[in-house]
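Architecture at a glance
Residue strings, one per chain:
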Amino acid sequence: LLDGTYPFYPQKRRAALLDVSSIIVAVVFLTLACSFLLITPGIRGRARLYWTLRVLLSLTVGVVLVVVQFTGDWETGWVTANTSYKSFSQVLVNVDIGLHVGLSGVNITLVGNPVNQVNETINYNEHFAWSLDADYDHSYSEGLRRGLPSPILYVAEKFTARSPCGVHRQYRISGHYTSAMLWVAFCTWLISNMLFSMPVLVYGGYMLLVTGAFTIFSLLSFSAVRSSPMCPIQFGAAALLMDYGGSFWLTLAVGLLCSVAGLTIVALQYFNVDLLKIFFDLHEDKVDECQEIAQVYINPHFISKGL
């Protein structure tokens, strides 16, 4: 075996958007959601709706905070161009070139139009990691040694440490701090759920606000990379332009959701605590306490004694 694979077989590929870790996390949270839905018929009245809403929203926040750590579409870009396929060759091919930036690395996709051209199948997806425990330049050197197509090597070279673009350090550091703040947000999300179950509702609302704040801070950390000018990625007259991807906008939506939910809970605590208790199924029903007694039974023994 050579690095876990047979040396005479195709190398391992990594998915551009999702990998095994993301799928495992999604399956775990879906299992929790399905388990809760199985017990909802045992909850009576309006509390069933409130419990379902709270649990599903909470699980959605948790799964997003974890899954976006492993996705590769924080920044994405596509371009269709006629470009050379191999070095020292004048043959041009028509291909779709995709660039997918994640927190731990970059995926570069190359798909031919059509897939079969110049007697080869043009369908590549290569991952180059830049996390703190990975060596991006080594991965790039391995790509050179394996003879990857020229478009992939050209795009990957833009992110090397010795590239004139100088974006390798920015992406690496920003991805590290973005990931760290998302993990902090996940921990505060766990604490908020514990406080809601104790129940200490107002402090749970405060922790939701902290969760939303760390989520927004993680986005600001990742956005700091775009403040530095990015080298143009040109393929003839076509340019590969980057923009925020689905993971970025999904994280932003979760951060805003946590902030709005936290503010709502804190506001209700001070202005309408009864409504807040009803939503969390903590409202004390005093109807039974105030209900008049319909019948009274008197012991004749005490009546005969004048008591």
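Residues numbered from 1 in each chain as written. Predicted model: local features only at pLDDT ≥ 70, side-chain atom pairs only at ≥ 80, totals over all residues. Heavy atoms only, no water.

Formally: UniProt positions are given in the numbering used here, feature names are shortened, and annotations may be inferred rather than shown by experiment.
An unreviewed UniProt entry annotates the protein as DOXA2 factor of Rhinopomastus cyanomelas. The Subcellular location (unreviewed entry) comment attached to the protein in UniProt states, word for word, "Membrane". Recorded in UniProt under Sequence similarities (unreviewed entry), the annotation for the protein is "Belongs to the DUOXA family."

Concerning the overall build of the protein
As a reminder of what qualifies: Each helix is a run of DSSP H or I of at least 4 residues and each strand a run of E of at least 2, with the numbering of both proceeding from the N terminus. Only protein chains enter the accessibility calculation, which uses a 1.4 Å probe; a residue whose area is less than 20% of its type maximum is buried, one above 50% is exposed, and one in between is partly exposed. Between two residues, a contact is recorded if the distance between any of their heavy atoms is within 4.5 Å. Only the protein chains shown count as cover for residues, with accessible areas throughout obtained via the Shrake-Rupley method and a probe of 1.4 Å.
From N to C terminus, the protein includes 10 helices and seven strands. Counting every position in the protein, which comprises 307 residues, the buried fraction comes to 41%. Across the protein, contacts joining residues at least 24 apart in sequence account for 66% of those joining residues at least 6 apart. Split by element, the accessible area of the protein, about 17900 Å² in all, is 64% carbon and sulfur.

Brief notes about the UniProt feature "transmembrane region" (unreviewed entry) in the protein
Summarizing the sequence annotation, UniProt attributes the feature "transmembrane region" (unreviewed entry) to residues 20–39, 51–71, 91–111, 177–196, 202–225 and 246–271 in the numbering used throughout. Helix and strand shares over residues 91–111 are 0% and 81% respectively, and the end C-alpha atoms of the span are 16 Å apart. Taken end to end, residues 177–196 is 100% helix and 0% strand, and its first and last C-alpha atoms sit 29 Å apart.

A look at the packing of aromatic side chains
For any pair of aromatic rings, the description rests on two quantities: the centre-to-centre distance and the angle between the ring planes. So the rule is basically this: Stacked, tilted and edge-to-face are the three classes applied to pairs of Phe, Tyr and Trp rings, where Trp contributes its six-membered ring and a pair requires centres within 6.5 Å; stacked means planes under 30 degrees apart, edge-to-face means over 60, and tilted covers the rest. Charges are assigned to positions over rings by a cutoff of 6 Å between ring centre and Lys NZ or Arg CZ, combined with an angular limit of 35 degrees from the ring normal.
Inspection of every chain in the model, using the stated rule, returns 17 aromatic pairs. Residues Phe 128 and Tyr 136 carry aromatic rings whose centres are separated by 5.9 Å and whose planes lie at 50° to one another, so their mutual orientation is tilted. Grouping residues by exposure puts Phe 128 and Tyr 136 together as buried. Ring pairs connect the aromatic residues Trp 74, Phe 222, Tyr 244, Phe 248 and Trp 249, which therefore count as one cluster. Geometry around Trp 51 places Arg 54 over its ring, the cationic atom sitting 4.4 Å from the centre.

With respect to the state of the cysteines
Quick note on the threshold: The definition used for a disulfide is geometric: two cysteine sulfur atoms within 2.5 Å.
If you walk through the whole model with that rule in mind, you get one disulfide. Note on cysteine connectivity: Cys 165 is disulfide-linked to Cys 231, with sulfurs 2.1 Å apart. One quick way to see it: the torsion about the S-S bond of Cys 165 and Cys 231 is about -130°, and its sign makes the bridge left-handed. Here Cys 165 is found in the loop between helix 4 (150–157) and helix 5 (168–197), whereas its partner Cys 231 is found in the loop between helix 6 (201–223) and strand 5 (234–235), with 66 residues between them in sequence. A relative accessible area of 13% means that Cys 165 is categorised as buried.

Structural notes on the pairing of strand 3 (residues 105–117)
Our working rule: If DSSP finds at least two bridges between two strands, the strands pair.
Both strand 2 (residues 92–101) and strand 3 contribute to a ladder of seven bridges, which runs antiparallel. Opposite Leu 99, over in strand 3, you have Ile 108 as the bridge partner. In this structure, the hairpin formed by strand 2 and strand 3 is closed by a connection of three residues. Of the strand pairs in this sheet, strand 3 and strand 4 (residues 120–129) are connected by nine bridges, and their pairing is antiparallel. Pairing of Asn 116 across the sheet is with Thr 121, part of strand 4.

What about the sheet that holds strand 1 (residues 75–84)?
Ordered by their spatial adjacency, five strands build an open sheet running 4-3-2-1-7, and the pairing between neighbours is antiparallel. Two strands bound the open sheet, and with one partner strand each, they are strand 4 and strand 7 (243–244).

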